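Here's the letter readout for the chains.
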Amino acid sequence: MNRSKTAKIHTVLRKTILAGAAVVVILTVGAGGQQSLGEMVTMGGFEWLIGDWMATTDQGGEIHSFYRWGLNKNVITMGFKMGEFEGRGMIYYDPAEFKVVQVGIDNRGGIAKGVWDADGEKAVARLEYTPGEGEKRRMASVHSKVDAETMKVEFYEMDSDGWLSDEPRGTLEYKR
């Protein structure tokens, strides 16, 4: 079996196990109250993502990104700015769908929608982006903690089934 098919099988198994674990957690929380996004982030070990981050592109441009808690840790507000291009969004837990969802908009009329998931110690955002011109694009950003002050984000193309390309299209290293 080639590496791509093996990786897809492992991803499907991982997602099935994660979905089963999420159902168990939700059922055990059940009568005691709904699980919050904050609890999920803590359980997954992704608190390190919260904060202000700066990266520099290969061309020397700066990118500022932030992730901040809101509404009693039931939402993460987020944003980015690169030159004149900027966007805002929010990440929240949808209990009806058992998914962590992201929605956002940019200053050029583009809209992003998608879901976040864990892949081991990495946080993966799978998004569909529709720019103001209207042609949809699918992409994923994979966030990993390098150390307490450094985050790596890899950007992948994504097919219609949510599978990521074998190699990232680009990588940024952010510092707090």
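What counts, and where the lines are drawn
- Residues numbered from 1 in each chain as written.
- Predicted model: local features only at pLDDT ≥ 70, side-chain atom pairs only at ≥ 80, totals over all residues.
- Heavy atoms only, no water.
- Helix = DSSP H or I, 4+ residues; strand = E, 2+ residues; numbered from the N terminus.
- Buried < 20%, exposed > 50% of the residue type's maximum accessible area, 1.4 Å probe, protein only.
- Areas by Shrake-Rupley, 256 points an atom, 1.4 Å probe, with all protein chains shown as cover.
- pLDDT = per-residue confidence, 0-100.
- Contact = heavy atoms within 4.5 Å.
- Core = buried A, V, L, I, M, F, W, Y, C linked by side-chain atoms within 4.5 Å.
- Salt bridge = Lys/Arg side-chain N within 4 Å of Asp/Glu carboxyl O.

K.L.:
So, the overall build of the chain: which residues are in play, and what are the values?
P.N.:
If you tally the helices and strands in the chain, you get 2 helices and 10 strands. When its helices and strands are written in sequence order, the chain yields α-α-β-β-β-β-β-β-β-β-β-β. The 176 residues of the chain split such that 34% are buried. Only carbon and sulfur atoms are counted for the fraction: they give 56% of the accessible area of the chain, which is about 10700 Å².

K.L.:
For the confidence of the model for the chain, give the residues involved together with the corresponding values.
P.N.:
Looking at the chain, the pLDDT average stands at 85 and 81% of residues meet or exceed 70. Here residues 9–32 scores under 50 on pLDDT; set against residues more than four positions off or in separate chains, the count is 18 contacts.

K.L.:
Break down the side chain of Ser141 for me, with residues and values.
P.N.:
On the secondary structure map, Ser141 appears in strand E8 (residues 137–147). In this structure, Ser141 is in contact with Ala123, Val124, Ala125, Val153, Glu154 and Phe155, ignoring residues within four places of it in sequence.

K.L.:
Which residues make up the nonpolar core, and what values go with them?
P.N.:
Tyr67, Ile76, Ile91, Trp116, Met151 and Tyr174 are the most contacted members of the largest nonpolar core, which has 23 residues in total. Residue assignment for this core shows that the elements contributing at least two residues are helix H2 (37–44), strand E1 (51–56), strand E2 (62–70), strand E3 (75–82), strand E4 (85–94), strand E7 (122–130), strand E9 (150–157) and strand E10 (170–175). For this core, the element with the most residues is E7, which contributes 3 residues. Ignoring any residue separated from it by four or fewer positions in sequence, one finds Ile91 in contact with Leu37, Tyr67, Asn74, Val75, Ile76, Met78, Val100, Val101, Gln102 and Trp116.

K.L.:
Before we move on, could you go through unusual backbone geometry and cite the residues and values that matter?
P.N.:
Of note in this structure, Lys73 is not a glycine but carries a positive phi near 65°. You can see Lys73 is positioned in the loop between E2 and E3. The backbone of Phe98 shows a phi angle near 55°, a positive value even though the residue is not glycine. Checked against the element boundaries, Phe98 lands in the loop between E4 and strand E5 (99–106).

K.L.:
Explain the pattern of salt bridges to me, using residue names and the numbers behind them.
P.N.:
Here the structure, examined in full by the defined rule, presents 8 salt bridges. For the salt bridge of Asp52 with Arg68, the shortest nitrogen-to-oxygen distance reads 2.8 Å. Taken together, the residues Asp52 in strand E1 and Arg68 in strand E2 connect sequence positions 16 residues apart. Here Lys136 ties to Glu128 by a salt bridge, and the two come within 3.4 Å at their closest N and O atoms. The exposure class of Lys136 is exposed, given its relative accessible area of 54%. Residue class for Glu128 comes out partly exposed when judged on its relative accessible area of 27%. One connected set of salt bridges, linked through shared partners, spans Lys81, Glu86 and Arg88.

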